[in-house]
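Architecture at a glance
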Amino acid sequence: MKHVHFLGICGTAMGAVASAMARKGYVVTGTDANVYPPMSTFLESEGISISQGYKPDNIPDGTDLVVIGNAMSRGNAEVETVLEKNYRYMSLPETMKEFFLWGKQNYVVTGTHGKTTTSSMLAWLMQDNGLNPGFMIGGIARNLGRGGNFTDSDYCVLEGDEYDTAFFDKRSKFLHYLPKVVIINNIEMDHADIYANVEEIKLSFKRLLRVVPKDGVVYINADCPNCADVREHAAAELRMVKVVSVGMGEHADLRITNIAHRTDGCDFTLDGEPYSIPMVGDFNIRNAAMATCAARFAGLTPDQIRASLATFEGVARRQEIRGTVHGVTVVDDFAHHPTAIKQAVQGLRQRFPKSRLWVLFDPRSNTTIRNLFQKELAESLATADFAVLSPVENHKRVAPENRLDEARLCADITAAGTTCYLGTGVDDIVAHVVAHVHPGDVLLVMSNGGFGGIHGKLLSALAQ
């Protein structure tokens, strides 16, 4: 096997594995509908050729394997070509399992929020202390320089997603990952396009715990009610699986205490050991605590962990400052779930305590374009001083009775005391914001997509 072609290559996980395959010596090509930085530039720097727009002739002659991303569906021109010509194909998780995961000690980081940051921290703790882990992370950690890198080490750190695997495999992705260690950061309703309720999501996590070996361990959020239900299931039915709860409440097996917030980071104590991180927010303390527990299981000492946490540089698109012009700071964040939005705002309040905070929100995920979180989105966005909403792109993906009502969302945010503006598009939003910002303001841009390149457009308009 020499040539591997990826369908949906610019997805964060797909791009990471495509890069890892290229570094193993395979010829890698790929296609995506939307090709934009940072993933597109990262893949190009890895020598991977990308085509934009799905066409049958994008699949090169002699392709040995086609990796089909979970955003692909029947009717896609290249998917149909794969089926008609009977190419060998796999899902992304299957590809990872077959090429990289057998025989490894796989540390699988899961949960609705914090997966990317926690898995990046854990991979860095291992790498900085000589364990040379492989990793596959749905983002690009600054310390690591890439999202995927599979090594000869016994250790592999994986961001484990509960989303389904592919159009031909509806199991959760993380069920393919052969876990030795599992972290469950939290469990909330999400992915409304495939899960009817949170009980179905919890069922996937319960299934994941069924494949943890008796010499492995599960670290679970002690302060999350849905996690408690999963732990009770493990205690009742999976008695060989070791489950350790980690949290801030008194009932936690390992308790996070002595929390202190600074504008440039946080301090906390875990299991009697003090740690500091150069990141803000209680959510990042939880992420660091989970990474610390897993690193201790891998044999690292508290002193080693302390030193490495202090040098962790974060992840692209996680409260990433894109620039400051005339005193106005533009921050990029991947947050799109109501809980993540609220946490992002709280974190920036600690980082910029004297600033007026704007949130520019792009509802484009399969959950946020629905009215499932109509009330919760309003509550989260109203924690900022100003809210600006982008119109839903391609709202026809959802039946009219299930669609997010953007006008109502804007009205509810305003009623809660936060000034809200519903834009007609990116250029309109940029014009509105630039006309009303003051020096010292912070603009928090939140989207799980490219948001029309709004970050650069804001910085350019502010400069003018």
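Residues numbered from 1 in each chain as written. Predicted model: local features only at pLDDT ≥ 70, side-chain atom pairs only at ≥ 80, totals over all residues. Heavy atoms only, no water.

**Thoughts on the packing of aromatic side chains**
Just so we agree on the cut-off: Centres within 6.5 Å are what make two rings of Phe, Tyr or Trp a pair, Trp counting through its six-membered ring; a difference in plane orientation under 30 degrees is then read as stacked, over 60 as edge-to-face, and the rest as tilted. Starting at the N terminus, helices and strands are each numbered in turn, a helix being any DSSP run of H or I of at least four residues and a strand any DSSP run of E of at least two. Per-residue accessibility, obtained with a 1.4 Å probe over protein chains only, is compared with the maximum for each type, and a residue is labelled buried under 20%, exposed over 50%, and partly exposed between these values. Whether a charge sits over a ring comes down to the Lys NZ or Arg CZ being within 6 Å of the ring centre and within 35 degrees of the ring normal.
In the structure shown here, the tally under the stated rule is ten aromatic pairs. Ring centres 4.4 Å apart and planes at 20 degrees place the aromatic pair Trp-358 and Phe-386 in the stacked group. Here Trp-358, found in strand 20 (residues 357–361), pairs with Phe-386, found in strand 21 (residues 386–389); they are 28 residues apart in sequence, far enough to count as distant. Relative accessible area serves as the criterion here: at 2%, Trp-358 is assigned to the buried category. The buried category is assigned to Phe-386, whose relative accessible area is 16%. Among the aromatic residues, those joined into a ring-pair cluster are Tyr-26, Phe-99, Phe-100 and Phe-150. The lysine or arginine in question, Arg-306, covers the ring of Tyr-275, its NZ or CZ lying 5.6 Å from the ring centre.

**Structural notes on the pairing of strand 18 (residues 320–325)**
The cut-off we apply is this: Note on pairing: DSSP must find at least two bridges between two strands before they are called paired.
Sheet topology places strand 18 next to strand 19 (residues 328–333); five bridges connect them, and they run antiparallel. Of the residues in strand 19, the one forming a bridge with Glu-320 is Asp-332. Here strand 18 hands over to strand 19 after two residues, with His-326 in that stretch at a positive phi of 50 degrees.

**With respect to the sheet that holds strand 17 (residues 273–277)**
Convention followed: Contact definition: two residues touch when any of their heavy atoms are within 4.5 Å. Each axis is a line fitted through C-alpha atoms, and for a helix only the stretch in contact is used; angles between axes span 0 to 180 degrees, taken between their N-to-C directions.
If you trace the ten strands from one edge of the open sheet to the other, you get 8-7-9-6-12-13-14-15-16-17, paired in mixed fashion. The sheet is open, and its two edges are formed by strand 8 (148–149) and strand 17, each paired on a single side. Sheet topology places strand 6 (residues 105–110) next to strand 9 (residues 155–159); five bridges connect them, and they run parallel. By the bridge assignment for strand 9, Tyr-107 is matched with Val-157. Helix 5 (residues 115–128) rests against strand 6, strand 7 (134–136), strand 9 and strand 12 (179–184) of the sheet, and its axis sits at about 165 degrees to strand 9.

**A closer look at helix 3 (residues 77–85)**
Heads up, the rule is: Side-chain atoms alone can form a polar contact between residues adjacent in sequence; in general such a contact is a pair of N or O atoms within 3.5 Å, and within protein one must be able to donate a hydrogen while the other accepts it.
When we look at burial in helix 3, the residues that qualify are Glu-78, Val-79, Glu-80, Thr-81 and Val-82. Where the residues of helix 3 are buried, they touch strand 1 (3–7), strand 2 (27–32), strand 4 (65–68) and strand 5 (89–91). You can read the cap of helix 3 off the contacts: a side-chain oxygen lies 2.9 Å from the backbone nitrogen of Glu-78, and it is on Asn-76. A positive phi of about 60 degrees marks Asn-86, the residue just after helix 3.

**Thoughts on the side chain of Gln-374**
In this fold, Gln-374 is placed in helix 11 (residues 374–381). The class for Gln-374 is buried, based on a relative accessible area of 4%. Of the polar contacts made by the side chain of Gln-374, one reaches the backbone oxygen of Asp-405; its length is 2.9 Å. With near-sequence residues (within four places) excluded, Gln-374 lies in contact with Arg-403, Leu-404, Asp-405, Arg-408 and Leu-409.

**Some details on the environment of Cys-156**
Positionally, Cys-156 belongs in strand 9. Cys-156 sits 16 residues away from Ile-140 along the chain, and the two C-alpha atoms are 16 Å apart. Sequence-distant contacts of Cys-156, that is, excluding residues within four places in its chain, are made with Leu-101, Lys-104, Gln-105, Asn-106, Tyr-107, Gly-134, Phe-135 and Phe-150.

**Digging into the layout of surface pockets**
One simple way to see leftover space: roll a probe sized like a water molecule over the atoms. The test is simple: Detection works on a 1 Å grid of protein atoms alone, calling trapped sets that fit a 1.4 Å probe cavities and calling open sets with protein on both sides within 12 Å along at least five of seven lines pockets, with lining residues defined by an atom within 4 Å of a point. Grid points are joined across faces, edges and corners, and a volume is the space filled by probe spheres set on the points. Residues are grouped as follows: Ala, Val, Leu, Ile, Met, Phe, Trp, Tyr, Cys and Pro are nonpolar; Asp, Glu, Lys and Arg are charged; all remaining types, including Gly, are polar.
Space inside the second largest pocket adds up to approximately 290 Å³. Along the wall of the second largest pocket there are 14 residues; nearest its centre are Pro-37, Pro-38, Arg-322, Asp-332 and His-455. If you list the elements that add at least two residues to the lining of the second largest pocket, you get strand 18 and helix 14 (454–463). The class makeup of the residues in the lining of the second largest pocket is four nonpolar, six polar and four charged.

**Side note on helix 6 (residues 198–209)**
Note the cut-off: Residue count minus one, scaled by 1.5 Å, sets the expected span of a helix.
Taking 1.5 Å per residue, twelve residues should reach 16 Å; helix 6 reaches 17 Å between its end C-alpha atoms and fits that length. Those residues of helix 6 that are buried lie in contact with strand 6, strand 11 (169–172), strand 12, strand 13 (217–221) and helix 7 (225–237). N-capping of helix 6 is provided by Asn-197, with a side-chain oxygen placed 3.1 Å from the backbone N of Glu-199.

**As for the nonpolar core**
Operational definition: To qualify as a nonpolar core, a set must consist of buried Ala, Val, Leu, Ile, Met, Phe, Trp, Tyr and Cys residues joined through side-chain atoms within 4.5 Å.
Grouped together as the largest cluster of nonpolar side chains are 82 residues, with contacts concentrated most on Phe-6 and Ile-184. A total of seven residues in this core trace back to one element, the largest contributor, which is helix 1 (residues 12–23). If we ignore the near neighbours within four places in the chain, the residues touching Phe-6 are Met-14, Val-17, Ala-18, Met-21, Val-28, Thr-29, Gly-30, Thr-31, Val-67 and Leu-92. Ala-123, Val-217, Leu-254 and Ile-256 belong to the second-largest nonpolar core, a separate cluster that totals 43 residues.

**What about the sheet that holds strand 1?**
With parallel pairing, the five strands of this open sheet are ordered in space as 3-2-1-4-5. At either margin of the open sheet sits one strand with a lone partner, and together these are strand 3 (49–52) and strand 5. Recorded for the sheet is a direction-independent mean angle of 20 degrees between the axes of neighbouring strands.

**Some points on the pattern of salt bridges**
The test is simple: A pairing counts as a salt bridge when a side-chain nitrogen of Lys or Arg comes within 4 Å of a carboxyl oxygen of Asp or Glu.
Counted under the stated rule, the structure contains 23 salt bridges. Across the pair Lys-206 and Asp-229 runs a salt bridge whose closest N-O atoms are separated by 3.6 Å. Taken together, the residues Lys-206 in helix 6 and Asp-229 in helix 7 connect sequence positions 23 residues apart. Residue classification places Lys-206 among the buried residues on the basis of a relative accessible area of 17%. Between Asp-253 and Arg-231 there is a salt bridge, with its nearest N and O atoms 2.6 Å apart.

**Quick word on unusual backbone geometry**
Most of the time, phi is negative for any residue but glycine, and the peptide bond is trans. The phi dihedral of Leu-178 falls on the positive side, at around 50 degrees, and the residue is not glycine. Along the chain, Leu-178 turns up in the loop between strand 11 and strand 12. One non-glycine residue, Asp-271, lies in the positive phi region at around 55 degrees. Along the polypeptide, Asp-271 turns up in the loop between strand 16 (265–270) and strand 17. The class for Asp-271 is exposed, based on a relative accessible area of 52%.

In short, the description is geometric, and any link to function would need to be established separately.
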